[in-house]
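Fold and contact review
Chain residues, written in single-letter form:
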Amino acid sequence: MERKIRNLWNSLYNDSDKLNNLLKILSDEKIKYGKSNDTDYWYKNAVIYSAYTDLFAENFVKFTSRLDYLKNLGINTLWLLPILESPMKDQGFDISDFYNVRKDLGNNDDFKNFTEACHAKNIKVVFDVAINHTSDQHEWFLKSKEKDEYYSDFYIWNKDDKKYSDARIIFKGIMKSNWQYDEKRKEYYFHRFYDKQPDLNYKNPDVFTEMIKMFLFWKEIGVDGFRMDAAPFLWKEEGTNCENLFHTHQILKLFRACLDYVNPGTILIAEANQKPNDVVEYFGKSDECHAAYHFPLMPKIYLAISEKNPEYISDILKEENTPEIPDNCKWFTFLRCHDEMTLEFVNTEERKIIMKNYLKNPLWNFREGEGISGRIYEFMDKNVQKVLLAYGILFSLDGAPIIYYGDEIAMENDYGFYEKMIKITGYADSRFLNRGVFDEEKMKKINYQESSPEKDIYNGLKEIIKKRNNYSRYFSEKPVIKSENGVLIVQRSALKIYNNLNDYSCETDGIVLKPYESLWINY
């Protein structure tokens, strides 16, 4: 592994002294773990719950008290949305201190106690790290503005705003440029996201070393994996779109090699909002990221349900659209998340259909028609059976499924939170609609005797998760996926799953399916 680290480093940087410094850091960390064990690939059977700590439970102490609620649902992995110190101009993705959790959530000891409580219940903990950028309030950036000898080149500065002109503006309609002028330094700095999130300069080897030190710090505390936010954008080259570049993959492979050298088992998840043909590159040859998100599947599931046509799903999963991935890697799949329902990977006609069926309020529009913000309960017309059908489809397909906090109890778009966050951040970001505070009153209803959308969705989803866990042995097999008369059929040897996308009963294989029914049969 040391040879691999050397080779990767030399493909990026020509500095043997800094390489030797990195190897010493890694060797010192390795001693803490003793003899290393190979990973058990736990992420391949993950059922994931994604939540903002503050919005779900206020702080880590209260979050700990809610672990039984999640365990009862069937969750075995927590994906914590940003928890590190931040001025909160981008819901925590603008990190101002990589070594401390936000004070409103508790302190590092509280977080360590929380991870230990999770592990005691066999729940893994993954959290978000924005590896492409920091907050403009980060100490590194403040010193870079001062042209500090060590930090001056930690960010990308230029005398004008003309460089990297082929790089698209990601937050179209919110940001007008990828450059921002700084009065202190009298130069422009580069940013792919909000102007308060300057991009790190990975051409500086010290940036890489500082970032791996951060990963090792949290690994020792007990974090089981890191979601690498904005992974495709790390390396910039003039004359390119500055996405998915060769050196970006080398950096990710170097992160992986360093972590595996110290002690294997900490997973890296690529947040690469790209087509699967591009995303598969982030798995490398099982030597880059362990997992990646399958973004195009999400809108295709919504399309299939609105059009009662499962072929939207079966087509996106064909090998020409979703290539094979290494055996030790995994897709992470989802219906909703903290971001919008992305429409980047649908064609013009499909986009029109989705807009017609799911953009029920112009306020939900994100990036000028490139996405729709909102909760699944709202998208599905507050129809419990349609919500459960969507989850039935998700859990029947390959991939580690993700549940976004509150969706299990029919949470709705939060307009009050949206208005509040606009005032705090200054950005009219429609994604705030689906980032509201966890509704405790809705949660209480799951224990009431009478039926309710909250109780029915929670219990229905719980049953789907139970089936997935009970039949997990079949999910190592490649499924055969068929579409028949509005029914999506997914078969793995003795397990056959029928998902009826029709709003009426229909018969398939001699089985009568109710409207929107998801039926699992083990022969």
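Further up the page is the structure itself.
Every value quoted in this text rests on a predicted model; they were computed, and no experiment measured them.

Bringing the packing of aromatic side chains into the picture now. All chains considered together, the criterion is met by 57 aromatic pairs. On the basis of an interplanar angle of 80° and a centroid distance of 5.3 Å, the ring pair of Tyr 302 and Tyr 358 is categorised as edge-to-face. Separated by 56 residues along the polypeptide, Tyr 302 in helix 11 (residues 297–307) and Tyr 358 in helix 13 (residues 348–358) bring together distant segments of the chain. An identical accessibility class is assigned to Tyr 302 and Tyr 358; each is buried. If you follow Arg 375 out to its NZ or CZ, it ends over the ring of Tyr 405, 4.8 Å from the centre. Sitting over the ring of Phe 475, Arg 468 keeps its end group 4.0 Å from the ring centre.

We now examine the pattern of salt bridges. Inspection of the entire model under this criterion finds 53 salt bridges. One salt bridge in this structure joins Glu 2 and Arg 6, with 3.3 Å as the shortest N-O distance. Within this pair, Glu 2 and its partner Arg 6 are both found in helix 1 (residues 2–12), separated by four residues, close to a single helical turn. The class of Glu 2 is partly exposed, set by a relative accessible area of 34%. Relative accessible area serves as the criterion here: at 32%, Arg 6 is assigned to the partly exposed category. Counted as one network, the salt bridges with shared partners bring together Arg 168, Lys 172, Arg 192, Glu 243, Glu 340, Glu 344, Arg 367 and Glu 370.

Attention now moves to the packing of helix 11 against helix 13. Orientation of helix 11 relative to helix 13, taken along the N-to-C sense of each, is 70°, at an axis distance of 10 Å. Compared by their axis directions, helix 11 and helix 13 come out roughly perpendicular. Relative to helix 13, helix 11 is oriented so that their crossing is left-handed. Residues Pro 299, Lys 300, Tyr 302, Leu 303, Ile 305, Ser 306 and Glu 307 of helix 11 form the contact with helix 13, whose own contacting residues are Glu 350, Ile 353, Ile 354, Asn 357 and Tyr 358.

By size, the foremost hydrophobic cluster in this structure holds 169 residues, and its most contacted members are Tyr 49, Phe 111, Tyr 202 and Phe 255. Membership of the second largest hydrophobic core comes to nine residues, among which are Phe 171, Tyr 194, Phe 233 and Tyr 427.

Looking now at the pairing of strand 19 (residues 495–500). Buried residues dominate strand 19, accounting for six of its six residues. Covered by surrounding structure in strand 19 are Leu 495, Ile 497 and Asn 499 together with Lys 496, Tyr 498 and Asn 500, the residues of both alternating faces. Taken together, the six bridges between strand 18 (residues 487–492) and strand 19 define a ladder with antiparallel strand orientation. Its bridge partner being in strand 19, Gln 491 is matched across the sheet by Lys 496. Between strand 18 and strand 19, which pair antiparallel in sequence order, lie two residues; one of them, Ser 493, sits at a positive phi of approximately 40°. In this sheet, strand 22 (residues 518–522) lies alongside strand 19 in antiparallel orientation, the contact comprising five bridges. Pairing of Lys 496 across the sheet is with Ile 521, part of strand 22.

Here Thr 342 shows up in strand 13 (residues 341–342). Here Glu 344 takes part through its backbone nitrogen, which lies 3.3 Å from a polar atom of the side chain of Thr 342. Once residues within four sequence positions are removed from consideration, Thr 342 is found in contact with Asn 273, Phe 295, Met 298, Pro 299, Arg 367, Glu 370 and Gly 371.

In this model, Lys 308 sits at a positive phi of 55°, which is unusual for a non-glycine residue. Take Lys 308: it is sitting in the loop between helix 11 and helix 12 (311–316). One non-glycine residue, Ala 410, adopts positive backbone phi at about 60°. Looking at the secondary structure, you find Ala 410 in the loop between strand 16 (400–404) and helix 16 (415–425).

Along the chain, Ser 452 falls in the loop between helix 17 (440–444) and helix 18 (453–470). Of note is the side chain of Ser 452, whose polar atom sits 3.1 Å from the backbone nitrogen of Lys 455.

About the cut-offs
- Residues numbered from 1 in each chain as written.
- Predicted model: local features only at pLDDT ≥ 70, side-chain atom pairs only at ≥ 80, totals over all residues.
- Heavy atoms only, no water.
- Phe/Tyr/Trp six-rings, centres within 6.5 Å; stacked < 30°, edge-to-face > 60°.
- Helix = DSSP H or I, 4+ residues; strand = E, 2+ residues; numbered from the N terminus.
- Buried < 20%, exposed > 50% of the residue type's maximum accessible area, 1.4 Å probe, protein only.
- Lys NZ or Arg CZ within 6 Å of the ring centre and 35° of its normal.
- Salt bridge = Lys/Arg side-chain N within 4 Å of Asp/Glu carboxyl O.
- Axes fitted to C-alpha atoms, helices over the stretch in contact; angles between N-to-C directions.
- Parallel < 35°, antiparallel > 145°, perpendicular 65-115°, else oblique.
- Left-handed = near helix turned anticlockwise from the far one by under 90°.
- Contact = heavy atoms within 4.5 Å.
- Core = buried A, V, L, I, M, F, W, Y, C linked by side-chain atoms within 4.5 Å.
- Pairing = 2+ DSSP bridges.
- Polar contact = N/O pair within 3.5 Å; in protein donor to acceptor, adjacent residues only side chain to side chain.

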